[in-house]
Structure formats: C-alpha cells, structure tokens
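Examination of the molecular architecture
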Amino acid sequence: MIYLDHAATAPLRRGVLESMLPYLKEQFANASGVYAPARSVHHAVEQARRQVSSLIGASVREVIFTSGGTESDNWALYGTAMSSSDRKRIVTSAMEHHAVLNTCHALANQGYEIICLQPDKRGYIRISDAEEAINENTCLVSLMLANNELGTLQPVRQVAQIAHARGALMHTDAVQAVGHIPVDVNTMDVDLLSMSAHKFGGPKGVGALYIRSGTRINPLMNGGAQERGMRPGTENTPAIVGMGYAAMRASEEMDSEAEQVRLLRDHMLRLIKTSLPNVRINSCCEDALPGHVHVSVPGMDTSMLLTRLDIEGIAASAGSACASGSIERSHVLSAMYPDETHCADLRFSIGPENTLDELEKTVSLLQRIVNA
Ligand code: PLP
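Quick caveat, the model's predicted, so the values are computed rather than measured.

1. A closer look at the overall build of the chain
Assigned secondary structure in the chain consists of 11 helices and 14 strands. Relative to the globule expectation of 21 Å for 372 residues, the C-alpha radius of gyration of the chain, 21 Å, shows essentially globular dimensions. Each principal axis of the C-alpha atoms in the chain carries an extent, and together these give about 65 × 50 × 40 Å. When burial is assessed residue by residue, the chain has 57% of its 372 residues classed as buried.

Now the structure itself:
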C-alpha cells in the first residue's frame, strides 16, 4: 500500500509500542493507588506529562490528558463557555474541524452567539474579520493552528492579541500541527490548546488539553479526582505513556522529518503541475504544514477517484466525512468556493516514510484516470 493519509492518522513512531507494552502487562496498577506498583505507574504518567508539556513549551501542570482531539476541543469550548456568566459570543472559523464546529452548534442551541470567520480563496482567515467579530461580549475565540484539509497555518498569535485586548480567552485546535512544526503556547499567547497523539506517531484515543495556569474552565465530566479533579476517569496509562514517548521522539525528529516531507511534497506538486494542467492545487507551500497536497479535479467525482486509487493500493482521502457511501463536499472547500459544483477534491498527506517513487506512481495513476 502507498499510504498518503497521514493527516487522518500516522503510523506509530519507532519505540512507541515498546514504551507502552509494560503498562499493558506487568505495570497494570491503577495510577491512583497508594502502593508501590501504583506509584510507579503514576510516575510514568507524570513523565509523559513532562514530555508532552515540553513539546509545546508549557509548564507541566498545564497539561491535562484526555481521550483525544475531539474531547479536548469539546472541553475547551464547553468548559470556558459554561464558566463565563456574562459573555455570550464565541468567535471561530468556518474551516474548523467538526469537533469545534459541532460543539459551537450545540452551544448556539444553548443561547450562545456563534460568529464564523470565512476563509479567503487560499484557505486563510483575515485578521481584519477577526478584529470586527471579536467584541466585549466575546468569551472565547477558537481558531485552529493548521487546517486538516489544506494544511494552512492560521494567524493564531495575531488573533490571540485581539482576543486578549477585548478580554476573551483564546483556544487553538493544534491537532494537526503539534509534533510536525514547532508549537509554543507562550509565543502564540493561547490560553487553551488541543492536541492528539495519533496525529504525531502516538497511539489513538489519547490527547491533551493545555490550560494556561489561572484560566477559568469547568470540567466536562463529573467523576473522580484524577488529573487534579479536572478530568475524571482512570488514566489510560499505556496510551499516555505512548503519547509521552511519541512527543519526545517528535521533538527530536521534527526538523529532519519536515525537511524530508517538504522535499517529497514539492516533488509531487511539480509532477502534478506538469502532468495535470487542469487540476487546481488548493494547498499552499508557504505558511502551511509541510506534507499536505490538496487538489480539485473539475468535472470528476471524489468517490470514484478515491475508489480507483484504492483499487491500485493508494490510500488518500477527500478530507471530508463520508456519509452513506457518498462523499459530500467538505465545509472548508464549500466556504472557499461557494459557487463551485461538480468537482472532485483529494487530499494527499505525506509522511517521512513515503518515497519519490510512490509519489510518481500516484501522480501517474491520477493522470491515467483523469485523462481516460
Ligand atoms: N481537530 C483536528 C484539526 C483534526 O484533524 C482532528 C482529527 O482528524 C481532530 C480535531 C479530532 O482528533 P481525534 O481524532 O483525536 O479525536
């Protein structure tokens, strides 16, 4: 298989599985126990917290483990909205993941006013729109750091300055960015940041929410006193240890991986430009993650293209959810090109284990299908 869907999930980094195995076998004790084996598991959780916090420039106590990006996003939005008694506006973007957008829909049903910033044709929100939307009634601004479909990096730091000047909190969904590019919560000046281990070579079903010390936020669930009473439930210790290990490896390998992936991406883009002149390239090379190639093919059907690629052993994606066998155009592309109809959208997300040969095979197959 040629795997070009790293933005959906990435393979485990070297050593991650081995780091987890003891916590699935002999080190099975509950991290909350008072006896020696439990204390040893508790120490492993705290080491993982140090590894994760160091990846994003946070203090150790500011990182709380969750079940992944979706929970972290839900918690950031619900938790801050519910803790703010007077402010009822939330500003976000139309390009957010559904974990943010659908939480905003739910909050709209509870009386919150949701303002969605629209992307321009390159897939970036405009700072002037944020200036206009964020007012003294805004409790939270939620803007993703990297878009999952296009890889575009949004101006989180500039928007955070506007949010703070008007007394609002700033959340960023950094699920696609963490572990792939340098991310620093202080440089960005965010109050909350969501991350997910399986996007940077850790296990699935574990993530974290960064909460700046002193930020007012309610817990999402009721239960025990784990995670300093902020996130109840017995810790998923093997997954947390795996996430910590993946975070440590990601910070060591990030620069060389990004360089390698960028070279592969540029090669693929050159091939597409020369052999598929009718295909529009939606992803950007500047201010973007290194591995995303997103294209639209006029007059073609996304499901058909993905199925043909799949038959030939190539795993790519539309970047949008599949409902009852048919793929609806993504909300991101619809927001960027509202008048466009009948167009296939494909996202190829490259990883460090891909090769030039794999990319050449993929583009030449795409050329055969499109020109058939
Ligand atoms: N946010 C973004 C930008 C994502 O790309 C994803 C996953 O695709 C999520 C949130 C949800 O993360 P998880 O799969 O860990 O729930």
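2. Thoughts on helix α11 (residues 356–370)
Over its 15 residues, α11 runs 21 Å from end to end, which matches the ideal 21 Å to within 8%, given 1.5 Å per residue. Inspection of α11 places E358, L359, T362, V363, L365, L366 and I369 among the buried residues, and these make up the whole buried set. Summarising the axial view, the buried residues of α11 lie within an arc of 160°, below the 170-degree limit, and thus occupy one face. Its buried side turned inward, α11 meets β1 (2–3), α8 (237–275), α9 (302–311), β11 (314–315) and β14 (343–349).

3. Observations concerning α8
Because an α-helix completes one turn every 3.6 residues, residues spaced three or four positions apart along the sequence face the same direction. Between its first and last C-alpha, α8 extends only 49 Å over 39 residues, short of the 57 Å set by a 1.5 Å rise per residue. Of all the bends found along α8, the most pronounced is centred on E253 and spans about 60°.

4. Some points on the sheet that holds strand β8 (residues 207–211)
Each strand in a sheet pairs with another by means of backbone hydrogen bonds, the pair being arranged parallel or else antiparallel. Read from one edge of the open sheet, 7 strands run β2-β8-β7-β6-β5-β3-β4, paired in mixed fashion. The sheet is open, and its two edges are formed by β2 (63–66) and β4 (113–117), each paired on a single side. Put simply, the sheet's adjacent strands are angled 20° from each other on average, direction ignored. In this structure, strand β5 (residues 138–142) lies alongside strand β6 (residues 169–173), joined through 3 bridges in parallel fashion. If you follow V141 over to β6, its bridge partner there is M170. Those strands touched by helix α3 (residues 69–83) are β2, β3 (89–93), β5, β6, β7 (192–196) and β8, and its axis lies near 160° from that of β7. On top of the sheet, helix α6 (residues 156–165) reaches β5 and β6; it is set at about 155° to β6, its chief contact.

Criteria and thresholds
Residues numbered from 1 in each chain as written. Predicted model: local features only at pLDDT ≥ 70, side-chain atom pairs only at ≥ 80, totals over all residues. Heavy atoms only, no water. Helix = DSSP H or I, 4+ residues; strand = E, 2+ residues; numbered from the N terminus. Rg over C-alpha atoms; globule rule 2.2 N^0.38 Å. Buried < 20%, exposed > 50% of the residue type's maximum accessible area, 1.4 Å probe, protein only. Expected span 1.5 Å × (residues − 1). Arc of directions from axis to C-beta. Contact = heavy atoms within 4.5 Å. Bend = angle between axes of the 7 residues up to and from the residue. Pairing = 2+ DSSP bridges. Axes fitted to C-alpha atoms, helices over the stretch in contact; angles between N-to-C directions.

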